[in-house]
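The primary structure of each chain is shown beneath.
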Amino acid sequence: MENKATASETPPCHIDKKLPNRTYITAWRDKNEFKSVYEQIFTSPVDDIATKEKALEWLNMWKIRQVKDFPVCIRCTQQVLEAQLFDLRTQRDATDSGKATEIKNIYAGAFTRFINFLTEASGPRKETIADSVRKIGIETYLVELRHLCAHKSVSISIDVFRRSAQYCMDWLNRSYWQRELACMESVNAWSIMGNYLAGDLLSAMNRILRTYDAVTAARVRKALTLDAAIKSVGLTADEVELLEAHAEWRKSARLRVIQNQTVEQLQALKLPPTQVAVNAVCKAVFENCKRMFRDAELYGEDETVPLAKMHSALFRGLAAMGCVQTFFKQLIVICEQDSVQTAHQRPWATYWAQRIAAGFQLLREFKKHCSTLPPEQVSRYGQASPRIGLAQNWYEERLKCATNHHLMLGLYVDCPWHLRLHRSYVMARLMAMNDYTKDIVPILLTLQEPPLSDEQLQNIKQLTHIYYDGSDVISTETSGKKNIPSEDKKANGHYESSTKGTQIYTAEDLKDVIANVRNKRKSAEEEIPSKRAKQYGLWTEPDVTLDWGKYPLGTCLK
């Protein structure tokens, strides 16, 4: 289900209320199924027992489908409807007039759970039950009825129970069911996993990104104005038309100004905060910024072309939109795929994936540096004019070189974005490491959550040292400073191994090294003198010869 809009009349109850423009996994298949059950409960005749029993079966099935985070109001509806159905079946049969007490007991349990469910859903109780239910629009007399049911202090008429049950159903209808029907929209698997967006948003995004790609391609080829780009760069007729339309609209023919304006336009798009929108943005970048990717192959090693620095604003915009992590993972997929379709894409995918990873690693260090400065010297996120000079000087001093080939993602001390890489994802990239990702994986090892220990990093370094011709691909420093190119690296950011291995290693060499490490550990364990654990009643003294990581529950006495 996707909550598309807020209901016209906001009910007093906010329990189970979904955020707008978000997609949720629900127990019901689609809106039609939800509406069908709603009609069976609230619009069918009062004495239509068969229809209401069918609705109760649907509610029970929903509860089985969604054990976790099952809506509280659905649970309350189920309790009250079950009590009403028992009462209706008893009235229809009219075989035993002595069931009045049983009916009252079932109503009493339903009312008690109704109030308890609603008050517990609002979090830790810091006020009375009466105050809690009053805030969500329930009359406090129902709380008094709940107390009487719980303590059985007085006899309550069955008519009071019936009218109170109908009051509860009316409240649930008004405060939850009608609200959800007014807000929800059905979604399908294609729209969740695909790249669907509204047509106007998608066309606007494509136009902005095509304009951006044309203007940056012209700047890479040393053009400064629109006339120079049209004369010497070789843009297509469509690209020239886009640039001329933008220049006439914004009254500026300077390419740098046009580039900055397109990034601002992209960020200003009112995209829904869903993964669908993120996928759509990433797909649009791949489809409309083809010149940017081709330039990574053509000018990636050219020291005179500030390629990464030129595109830093775009990647900061993608990070602010929450799209950069998905974009980065899609680049990694291209790097790891060995197919005819991705053969020409892997070089530029490697270039930008390495720049993004190094950019986030530098961002972490830059934020630590800014936290040590006085507050008046640093920029905060959201300021109109950040201190770009502070970041520029720090990056140059940190890298010991110009920042032309490095993304500057950090301009603020409190940048809210970072790569969230789980350990399972990073370890999978380590297992799939190839020549296109061997410079990226070392950086990912320092960015993962939770971080690896020094011993784990050292073990990984030993294995990759053999696998990659004796060169230290992975650094054991958790700070990651060795992973970021400095003066001993190539100008384009690619790694140069500090030690040139002359021997070619094979898989058998890797097995031999692992076997030697195991033999050394075994011999070291044998050198430890055996010591019999002393027994004191039921307890024993810890045995120092045991590996407690393999025996977490203690020793077994014989």
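Residues numbered from 1 in each chain as written. Predicted model: local features only at pLDDT ≥ 70, side-chain atom pairs only at ≥ 80, totals over all residues. Heavy atoms only, no water.

Let's shift gears to the overall build of the chain. From N to C terminus, the chain includes 23 helices and seven strands. Here the chain, with 558 residues, has 44% of them falling under the buried criterion. For the chain, restricting intrachain contacts to residue pairs at least 6 apart in sequence, the fraction spanning at least 24 positions comes to 71%. (Helix = DSSP H or I, 4+ residues; strand = E, 2+ residues; numbered from the N terminus. Buried < 20%, exposed > 50% of the residue type's maximum accessible area, 1.4 Å probe, protein only. Contact = heavy atoms within 4.5 Å.)

To continue, consider unusual backbone geometry. Here Lys-222, not a glycine, exhibits a phi torsion of approximately 70°, which is positive. Within the secondary structure layout, Lys-222 lies in the loop between α9 (199-220) and α10 (226-232). In this structure, Lys-251 is a non-glycine residue whose phi angle is positive, near 60°. Residue placement: Lys-251 occurs in the loop between α11 (237-250) and α12 (255-268). Lys-251 sits in the exposed class, given a relative accessible area of 70%.

Summarising the model, the chain shows a mean pLDDT of 79, and 78% of its residues fall at 70 or more. Predicted confidence for residues 554-558 stays below pLDDT 50, and this span has six contacts to residues more than four positions away or in other chains. (pLDDT = per-residue confidence, 0-100.)

On to helix α7 (residues 158-183), then. Between its terminal C-alpha atoms α7 stretches 37 Å, which fits the 38 Å expected from 26 residues at 1.5 Å a residue. In α7, a bend of some 40° at Asn-173 exceeds every other bend along the element. The residue sitting at the N-terminus of α7 and contributing the capping side-chain oxygen is Ser-157; that oxygen lies 3.3 Å from the backbone nitrogen of Asp-159. (Expected span 1.5 Å × (residues − 1). Bend = angle between axes of the 7 residues up to and from the residue. Polar contact = N/O pair within 3.5 Å; in protein donor to acceptor, adjacent residues only side chain to side chain.)

Glancing now at the pattern of salt bridges. Scanning the model with the defined rule gives 14 salt bridges in all. In this structure, Asp-131 engages Arg-134 in a salt bridge whose closest nitrogen and oxygen atoms are separated by 2.7 Å. Linking Asp-131 with Arg-134, this pair stays in helix α5 (residues 129-135), spanning three residues, or about one helical turn. Across the pair Arg-429 and Glu-336 runs a salt bridge, and its minimum N-O distance is 2.6 Å. Here the residue Arg-429 occupies a position in helix α20 (residues 423-431), and Glu-336 occupies one in helix α17 (residues 324-336), the gap between them amounting to 93 residues. Judged by its relative accessible area of 15%, Arg-429 is buried. Taking relative accessible area as the criterion, Glu-336 reaches 22% and is therefore assigned partly exposed. If you follow the salt bridges from partner to partner, you end up with Arg-29, Glu-33 and Arg-65 in one network. (Salt bridge = Lys/Arg side-chain N within 4 Å of Asp/Glu carboxyl O.)

What follows concerns the state of the cysteines. Taken as a whole, this structure holds zero disulfides when the rule is applied. Between Cys-76, a cysteine without a disulfide, and Cys-73, which holds the nearest cysteine sulfur, the sulfur-to-sulfur distance is 6.0 Å. (Disulfide = S-S within 2.5 Å.)

As a further point, take the environment of Trp-171. The residue Trp-171 is located in helix α7 in this model. Expressed as a C-alpha distance, the spacing of Trp-171 and Ile-136, which sit 35 residues apart in the sequence, is 9.9 Å. Discounting residues that sit within four places of it in the chain, Trp-171 has contacts with Cys-13, Phe-114, Leu-118, Ile-136, Gly-137, Ile-138 and Tyr-176. A polar side-chain atom of Trp-171 sits 3.2 Å from the main-chain carbonyl oxygen of Ile-136.

This structure, assessed with the given rule, holds 25 aromatic pairs. Judged by centre distance (6.4 Å) and plane angle (70°), the ring pair of Phe-34 and Tyr-176 falls under edge-to-face. Residue Phe-34 is found in helix α1 (residues 31-42), and its partner Tyr-176 is found in helix α7; the two are separated by 142 residues along the sequence. As far as the burial class goes, Phe-34 and Tyr-176 line up, both buried. Positioned above the aromatic ring of Trp-249, the side-chain terminus of Arg-250 is 4.5 Å from the ring centre. (Phe/Tyr/Trp six-rings, centres within 6.5 Å; stacked < 30°, edge-to-face > 60°. Lys NZ or Arg CZ within 6 Å of the ring centre and 35° of its normal.)

What follows covers α20. Within α20, burial applies to Tyr-425, Val-426, Arg-429 and Leu-430. Taken around the axis of α20, the buried residues stretch over an arc of 140°, which confines them to a single face. Across α20 from its buried face, at more than 90 degrees, point the exposed residues Ser-424 and Met-431. (Arc of directions from axis to C-beta.)

A word on the layout of surface pockets. If you add up the space inside the second largest pocket, you get close to 850 Å³. Considering each element in turn, the lining of the second largest pocket owes the most residues, six residues, to α12. Class assignment for the residues of the lining of the second largest pocket results in 13 nonpolar, eight polar and five charged. (1 Å grid on protein atoms, 1.4 Å probe; cavity = no way out; pocket = protein on both sides within 12 Å on 5 of 7 lines; lining within 4 Å. Points joined across faces, edges and corners; volume = space filled by probe spheres on them. Nonpolar A, V, L, I, M, F, W, Y, C, P; charged D, E, K, R; others polar.)

What follows concerns the side chain of Asp-87. One can find Asp-87 in helix α3 (residues 72-93). Asp-87 sits in the buried class, given a relative accessible area of 2%. In terms of polar contacts, Asp-87 uses its side chain to reach the side chain of Arg-162, at 2.7 Å.

On to a negative patch on the surface, then. Together, Asp-227, Glu-241, Glu-244 and Glu-248 make up a negatively charged patch on the protein surface. Examining the composition of the negative patch, we find that three residues originate from one element, α11, more than from any other. By the secondary structure assignment, Asp-227 is in helix α10. (Patch = residues over 30% accessible without salt bridge, like charges linked within 9 Å, V, L, I, M, F, W, Y side chains within 5 Å. Areas by Shrake-Rupley, 256 points an atom, 1.4 Å probe, with all protein chains shown as cover. Lys, Arg positive; Asp, Glu negative; His and termini not counted. Charge placed at Lys NZ, Arg CZ, Asp CG, Glu CD.)

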